[in-house]
Every structure is written in C-alpha cells, then in structure tokens.
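Okay, here's what each chain looks like letter by letter:
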Amino acid sequence: MNKYRVSSLLLTFPTLLLLQGCATSPPRNQSNLCAIFEEKPSWYDDAREMEEVYGTPINVAMAFIKQESSFINDAKPPRDHLLGFIPWGRVSTAYGYAQAQDPVWGEYLDGTGNGGSRNNFGDAIMFVGWYTDKTQKRLGVSKWDPYNQYLAYHEGQGGFKRKSYNKKPQLLKVARKVEQQAKDYGWQLKQCRSELENGRSWFF
C-alpha cells in the first residue's frame, strides 16, 4: 500500500512542476487577446474582476501589461552599469507583470489591504486597475484613454501633471503603441467575450 502511495507521489510531483511552469510561462500569442485568454482562462477571470472593481477596460489593462513585461511574471528592468561596463544595481525597483515599483506597490497594498504579489497575474492586473482608477480621479484622465493613462502610468501622476513626457519623444511613441494595442485587444475581445462568459471552448 505504501509502495503505491510513494509511486503516486513521485508521479505527481513532476506533473505539478510542469503545471506550475505552464501557469507562469508567457502566453504564446501575445498579439491576440482571445488567444491569451484561451491559453490562460484564469487570467480572464482575474481581468473581469479587475474591470468590475475599478472600471478599467480589460483591453487597456492587458495592453499595459504586455508593454511593461511581455507577460513575464518575474520581469525586472535592465541592470545599470558602473563605469559603463561593471554590472551594478537595477535602474529601478520595478518588478513583475505590471512593473510596479516598490513605493507605489506599497501604496497599493496599504490603500487596498489586498496583499498579494507582483509576480501573480491576478494581483498585478488589479494593481493596474487601481492605478488607472486613481489617475482618473486625480487627473481626470479617462480609463478609456490608453494613451494618456499610459503616460501617467510610466511617469507617475506627478510627472504627468508636470508634462515630463514632452521631453521623452521615445516614450510618446511607446504610448501610441500601447494605445494601438489596446484598440486591437478591444476589437478582439468583442469577438470572443460571449464565449469567455459562457465558459465554452473555442479554437482558432
């Protein structure tokens, strides 16, 4: 009896590792929101919960995460280099799916009492919803305006107010890229949302 139980555990452990790897690996087709949610159905549940709590459109939040981390759960910014070639610290404390930095992540935890981790997708997308909701309340930027919402996300709400982005032409291009991605995701989501809501399987 014990022998079979041990054998079962030995078979189960690698399977759990495999499942864990699948759970944290980036989606294969990041350009199609329906394909992302087909591959990772729990992400749709997380995204829908975020939309219900904060009112931020799913397509906008997902476009932010794609830009910030390419859906890599433990993404970090590049290392700085001392004297141009000696690896030093990271250029910022940004981490995880949403690339939230330590201070603002702490503010999120304190303000919501949600707890959570930046490398957990559900926690990360809830952070994006919380931040964009704050941006709308503090700065009057619509949650349906991914261009200006992304600039405020990247520069911080204080930086956005000072229009610091005007000195960063490359950032303005990235914000337009995020805007287009949000539009593409929005159109795609319209095609598959009823299937997602019904929990049915569908293929491409």
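That block above? That's the structure.
Reference entry: report on the structure contained in this document. Only a predicted model underlies this, so the values are computations on that prediction, with no experimental measurement involved.

## Some points on the overall build of the protein
For the protein, the count of helices and strands is eight helices and two strands. Helices (α) and strands (β) of the protein occur, in sequence order from the N terminus, as α-α-α-α-β-β-α-α-α-α. Taken across its 204 residues, the protein has 41% of its residues classed as buried. A sequence separation of at least 24 residues applies to 52% of the contacts in the protein between residues at least 6 apart. Counting every atom, the protein has about 11800 Å² of accessible surface; 54% of that belongs to carbon and sulfur.

## Regarding the nonpolar core
Residues F37, M62 and F127 are the most contacted members of the largest nonpolar core, which totals 48 residues. Among the elements of the structure, α2 (33-39), α3 (41-54), α4 (58-69), α5 (102-112), α6 (121-139), α7 (146-162) and α8 (169-198) are those that each provide at least two residues to this core. In this structure, F37 is in contact with W43, Y44, A47, I58, M62, L189 and L196, ignoring residues within four places of it in sequence.

## Comments concerning the pattern of salt bridges
In total, this model carries 11 salt bridges according to the counting rule given. In this structure, R48 engages E197 in a salt bridge whose closest nitrogen and oxygen atoms are separated by 2.5 Å. Of this pair, R48 sits in helix α3 while E197 sits in helix α8, placing them 149 residues apart in sequence. Given the relative accessible area of 26%, R48 is considered partly exposed. The exposure class assigned to E197 is partly exposed, which follows from its relative accessible area of 36%. Here the salt bridges do not stand alone but share partners, grouping R48, E51, R193 and E197 into one network.

## A look at the layout of surface pockets
Of the volumes computed, that of the largest pocket is approximately 570 Å³. Lining the largest pocket are 25 residues, with E68, Q99, Q101, Y153 and H154 positioned closest to its centre. Breaking the lining of the largest pocket down by element, the ones donating at least two residues are α4, α5, α6, α7 and α8. When residues of the lining of the largest pocket are assigned to their parent elements, the largest contribution, six residues, is made by α7. Broken down by class, the residue content of the lining of the largest pocket amounts to 13 nonpolar, eight polar and four charged.

## A few points about the packing of aromatic side chains
This structure, assessed with the given rule, holds 17 aromatic pairs. Here F127 and W130 contribute two aromatic rings whose centre-to-centre distance is 5.6 Å and whose plane-to-plane angle is 40°, an arrangement assigned as tilted. Here the residue F127 and the residue W130 both occupy positions in helix α6, the gap between them amounting to three residues, near one helical turn. Accessibility classification places F127 together with W130 in one group, the buried group.

## Some details on α7
Residues that lie three or four places apart on an α-helix share one face, since the helix turns once every 3.6 residues. Taking 1.5 Å per residue as the helical rise, α7 with its 17 residues ought to reach 24 Å, whereas the 19 Å between its terminal C-alpha atoms falls clearly short. Of all bends in α7, the biggest is about 115°, found at G156. Most of α7 is tucked away, with 12 of its 17 residues classed as buried. Among the residues making up α7, those that are buried are P146, Y147, Q149, Y150, L151, A152, Y153, E155, G156, Q157, G159 and F160. Among the structural elements, α4, α6 and α8 are those in contact with the buried residues of α7. In the segment just after α7, K163 is the residue with positive phi, at about 60°.

## Brief notes about the packing of α4 against α7
Their axes nearest at 11 Å, the elements α4 and α7 cross at an angle of 50°. The angle between the axes of α4 and α7 places the two elements in the oblique class. α7 is crossed by α4, and the crossing has right-handed handedness. Taken together, the residues of α7 that come into contact with α4 (itself represented by V60, F64, Q67 and E68) are P146, Q149, Y150 and Y153.

Calculation notes
- Residues numbered from 1 in each chain as written.
- Predicted model: local features only at pLDDT ≥ 70, side-chain atom pairs only at ≥ 80, totals over all residues.
- Heavy atoms only, no water.
- Helix = DSSP H or I, 4+ residues; strand = E, 2+ residues; numbered from the N terminus.
- Buried < 20%, exposed > 50% of the residue type's maximum accessible area, 1.4 Å probe, protein only.
- Contact = heavy atoms within 4.5 Å.
- Areas by Shrake-Rupley, 256 points an atom, 1.4 Å probe, with all protein chains shown as cover.
- Core = buried A, V, L, I, M, F, W, Y, C linked by side-chain atoms within 4.5 Å.
- Salt bridge = Lys/Arg side-chain N within 4 Å of Asp/Glu carboxyl O.
- 1 Å grid on protein atoms, 1.4 Å probe; cavity = no way out; pocket = protein on both sides within 12 Å on 5 of 7 lines; lining within 4 Å.
- Points joined across faces, edges and corners; volume = space filled by probe spheres on them.
- Nonpolar A, V, L, I, M, F, W, Y, C, P; charged D, E, K, R; others polar.
- Phe/Tyr/Trp six-rings, centres within 6.5 Å; stacked < 30°, edge-to-face > 60°.
- Expected span 1.5 Å × (residues − 1).
- Bend = angle between axes of the 7 residues up to and from the residue.
- Axes fitted to C-alpha atoms, helices over the stretch in contact; angles between N-to-C directions.
- Parallel < 35°, antiparallel > 145°, perpendicular 65-115°, else oblique.
- Left-handed = near helix turned anticlockwise from the far one by under 90°.

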